[in-house]
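Understanding the architecture of this molecule
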Amino acid sequence: MGWVRSAMGEMRRPYGIDHVALALACRDTSGRILCSNSLGVSRPASFYGPDAGRRVEAFLRDVEQVRSEAEMEVVAALLSLGDLAFELRSERAA
């Protein structure tokens, strides 16, 4: 959650779009997805309340359920819809 909050602090919020999407996945060393989840589209403030933390913890419990002897990697993607809109608009103007 600390990484999510820090990354959100660096995001722009152009055009009044103040929403983010967080996706999580766990994969083995061959790239096979073992489990994944998305917290969907949310306002950044939701990541300071208990709900988002519980959902991330639930994902990590799922990771423990699929754990094997092989190495695994947990990856996360945090998308700022405001940044996306800014980049798309910039591309159209170019």
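Please refer to the structure placed before this passage.
Summarised in this report is the structure supplied together with it.

Conventions adopted
Residues numbered from 1 in each chain as written. Predicted model: local features only at pLDDT ≥ 70, side-chain atom pairs only at ≥ 80, totals over all residues. Heavy atoms only, no water. Helix = DSSP H or I, 4+ residues; strand = E, 2+ residues; numbered from the N terminus. Rg over C-alpha atoms; globule rule 2.2 N^0.38 Å. Buried < 20%, exposed > 50% of the residue type's maximum accessible area, 1.4 Å probe, protein only. Contact = heavy atoms within 4.5 Å. Areas by Shrake-Rupley, 256 points an atom, 1.4 Å probe, with all protein chains shown as cover. Lys, Arg positive; Asp, Glu negative; His and termini not counted. Charge placed at Lys NZ, Arg CZ, Asp CG, Glu CD. Core = buried A, V, L, I, M, F, W, Y, C linked by side-chain atoms within 4.5 Å. Expected span 1.5 Å × (residues − 1). Arc of directions from axis to C-beta.

1. Remarks on the overall build of the protein chain
Per the secondary structure count, the protein chain includes three helices and three strands. Its C-alpha atoms give the protein chain a radius of gyration of 16 Å, clearly above 12 Å, the size a compact globule of 94 residues would have. Overall, the protein chain is about 50 × 35 × 20 Å in size when its C-alpha atoms are taken along their principal axes. Expressed as a percentage of its 94 residues, the buried residues of the protein chain come to 29%. When contacts within the protein chain are restricted to residue pairs at least 6 apart in sequence, long-range pairs at least 24 apart make up 66% of them. For the protein chain, the exposed area adds up to about 6300 Å²; of that, 52% sits on carbon and sulfur atoms. A gap of 7 Å separates the mean positions of the 12 positive and 13 negative side-chain charges of the protein chain.

2. Notes on the nonpolar core
One finds Met 8, Leu 22, Leu 39, Phe 47 and Leu 78 to be the most contacted residues of the largest nonpolar core, which totals 16 residues. Breaking this core down by element, the ones donating at least two residues are helix 1 (2–9), strand 1 (20–28), strand 2 (33–42) and helix 2 (50–66). Look past the residues within four positions of Leu 78 in its chain and what remains in contact with it is Trp 3, Val 4, Ala 7, Met 8, Met 11, Val 20, Ala 21 and Leu 22.

3. Considerations on helix 2
Taking 1.5 Å of rise per residue, the 17 residues of helix 2 would be expected to cover 24 Å, and the 25 Å separating its terminal C-alpha atoms lies within 8% of that figure. When helix 2 is considered as a whole, its buried residues turn out to be Ala 52, Gly 53, Val 56, Phe 59 and Val 63. Along the axis of helix 2, the buried positions cluster into a sector of 120 degrees, meaning they face one direction only. Of the exposed residues in helix 2, the ones pointing more than 90 degrees away from its buried face are Pro 50, Arg 61 and Gln 65. On its buried face, helix 2 sits against strand 1, strand 2 and strand 3 (72–80).

No statement about biological role is implied by the geometric values presented.
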